[in-house]
Amino acid sequence: MQKLAIQGGVPLRGEVRISGAKNAALPIMCASLLTADALSLGNVPELHDVVTMRKLLQQMGVMATLEAGAVTLCGAQVDKLEAPYEMVKTMRAAVLVLGPLVARFGEAFVSLPGGCAIGSRPVDLHIKGLQAMGAEIHIEHGYIHAKASRLKGARIFFDIVSVTGTENLMMAATLADGVTVLENAAREPEVVDLANCLRAMGAKISGDGTDTITIAGVDRLHGAEHRIMPDRIESGTFLVAAAASGGNITLTGGRADILDTVLEKLLEAGAHIRTDGTSIHLEMAGRPKAVNLRTAPYPAFPTDMQAQFMALNAVADGSAMVVETIFENRFMHVQELRRLGALIDVEGNTCMVRGVQQLEGAAVMATDLRASACLVIAGLVAQGETVIDRIYHLDRGYEHIEAKLSQLGANIRRLK
Ligand code: EPZ
């Protein structure tokens, strides 16, 4: 089990390049199943989850080449219509092969995702949507077995906004017979990035980025080239780390237009922010002010930034309420922050955080991807050394994080 050791108290300074978005790359890699032609992807982040997804697709017969941020996938010889439990249990996004497999091959065997640290995270909306499109679905031995001679266009209403649910059904609808309308669809930028890639492959999609997406099915899709959008959560994570540590950083290769609520909260915390095109500059003089947060689907405040801001609030001037409305158990980082001296009370899906002048370094444990980012930020501002265990969680979603933080002056090293 690898660990990260951080000597805190160093304000982050300098420039860092933002990588491609994990949550755009994963669904877009699955889109390769929708065509026999080659799909060439640029700006793909070198993340554990991307490697896992590539292995899963290769196991199914997709040819995949990976070199320095570029991935080329070709679904000409897919001969295994299955996403096995051992793959799905480590990466819930593997469920994204379901829609494409049923759409192009008429059948799929996809393991139900186990629960995960941040909640039960069912896939009932994915299944309901495919059934509405005419798929016959049986749950047997922990697997979703879906069959359809040809999916038919349908009107599908999501009673809960689901990012991968929207993505799975949008992909399935591209090859269906007729028009599909997804209502109460997810509006996340990663959904739009997937739609852009699918359009480049010949799909007929409109309304992505709004809560109503219309897809007119076509007979086949062709290959394309697509550059993955920058990762808005990685951007937000570095900006919060700079604000919490009283630093001064510039992000390059990012996008400010998809970070409105995060930038708004950082301004409220007292940061000075300047953006132009693809670079974002943040400077924080002194201690941040506490900021109240309430997570909700895009364009509201992202749940994937909640843990990071909790670390900022832990050392901020004042108290803050943090309300998590998306997942039922996304406060696993609280007990670890308490080990560093944070004053946090939890009541259901609400936390009250009272900022302290100083956190004290300690040994802590990562429990999920964004909780581990929270502990890194806390370690950067704590007095003394913080050692974070189980950092494989971190490697799932952040490319070369200790190299990037060292570049910004952090005193951080990986312990084998
Ligand atoms: C995506 O997960 C992201 N993952 C998550 O990012 C992100 O936290 C989440 O969206 C919310 O923004 C990827 O895109 C790969 P949901 P997803 O379906 O699609 C419930 C990270 O840190 N729900 O939008 O799995 C569900 O339980 C990860 O990068 C159902 O009830 O999330 C949750 O409470 C973590 N039934 C809510 O909806 C369903 O069929 C939102 O989940 C589907 C979802």
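Before reading further, recall that the structure is shown in the block above.
No experiment lies behind these values; they were computed from the predicted model shown. (Residues numbered from 1 in each chain as written. Predicted model: local features only at pLDDT ≥ 70, side-chain atom pairs only at ≥ 80, totals over all residues. Heavy atoms only, no water.)

## Topic: the site of the ligand
Where we set the bar: Near is defined per residue: the residue qualifies when any heavy atom it owns lies within 4 Å of the molecule or strand. Distance and chemistry together define a polar contact, namely a pair of N or O atoms within 3.5 Å, with one atom able to donate a hydrogen and the other to accept it when in protein, and with adjacent residues in sequence counting only for side-chain atoms on both sides. Computed by Shrake-Rupley with a 1.4 Å probe, the accessible areas treat only the displayed protein chains as cover when residues are assessed. Put simply, DSSP H or I for four residues or longer makes a helix, DSSP E for two residues or longer makes a strand, and each gets a number counted from the N terminus.
Around the ligand sit 22 residues, and of these R92, L125, T164, D304 and I326 come closest. At 3.0 Å from an oxygen atom of the ligand is found a side-chain nitrogen or oxygen belonging to K22. A distance of 2.8 Å separates an oxygen atom of the ligand from a polar backbone atom of V163. For the ligand, whose accessible area on its own is 830 Å², the fraction buried by protein is 90%. Looking at the shell around the ligand, the elements that each hand over two or more residues are helix 1 (22-30), helix 5 (124-132), helix 6 (163-173) and helix 12 (369-381). Sort the elements by how many residues they give to the shell around the ligand and helix 5 lands first, with three residues.

## Regarding the sheet that holds strand 16 (residues 272-276)
Inclusion rule: In this description, strands pair whenever DSSP reports at least two bridges between them. Axis definition: a line fit to C-alpha positions, over the contact stretch in the case of helices; interaxial angles, taken between N-to-C directions, run 0 to 180 degrees. The contact criterion used throughout is that any non-hydrogen atoms of two residues lie within 4.5 Å.
Spatially, four strands are ordered 2-15-17-16 in an open sheet, and the strand pairing comes out mixed. The open sheet is flanked by strand 2 (13-17) and strand 16, the only strands paired with a single partner. Geometrically, the sheet is characterised by an average inter-axis angle of 15 degrees between neighbouring strands, direction not taken into account. Both strand 16 and strand 17 (residues 279-283) contribute to a ladder of five bridges, which runs antiparallel. Bridging from a neighbouring strand, H272 pairs with E283 of strand 17. Contacts from helix 8 (residues 232-244) reach strand 2, strand 15 (248-252) and strand 17, with the element oriented near 170 degrees to strand 15.

## Let's talk about helix 2 (residues 48-59)
Put simply, the rule is: Here the expected length of a helix is defined as 1.5 Å per residue gap, with one fewer gap than residues. The buried label applies to any residue whose accessible area, calculated with a 1.4 Å probe on protein chains only, is under 20% of its type's maximum; exposed applies above 50%, and partly exposed to all values in between.
Relative to the 16 Å expected for twelve residues at 1.5 Å per residue, helix 2 spans 17 Å between its end C-alpha atoms, a close match to the ideal helical length. Buried residues of helix 2: D49, V50, T52, M53, R54, L56 and L57, and no others. Structurally, helix 2 contributes buried residues whose contacts are with helix 1, strand 4 (63-67), strand 5 (70-74), strand 6 (82-83), helix 3 (85-88) and helix 13 (392-397). Residue G61 follows helix 2 closely and has a positive phi angle near 110 degrees.

## As for unusual backbone geometry
With omega at 10 degrees, the peptide bond leading from Y298 into P299 counts as cis. Along the chain, the position of P299 falls in the loop between strand 18 (293-294) and helix 10 (306-314). Despite not being glycine, N43 shows a phi value in the positive range, around 60 degrees. Mapped onto the elements, N43 comes out in the loop between strand 3 (38-42) and helix 2. With phi around 50 degrees, H141 is a residue other than glycine that occupies positive phi space. Mapped onto the elements of the fold, H141 is located in the loop between strand 8 (136-140) and strand 9 (143-147).

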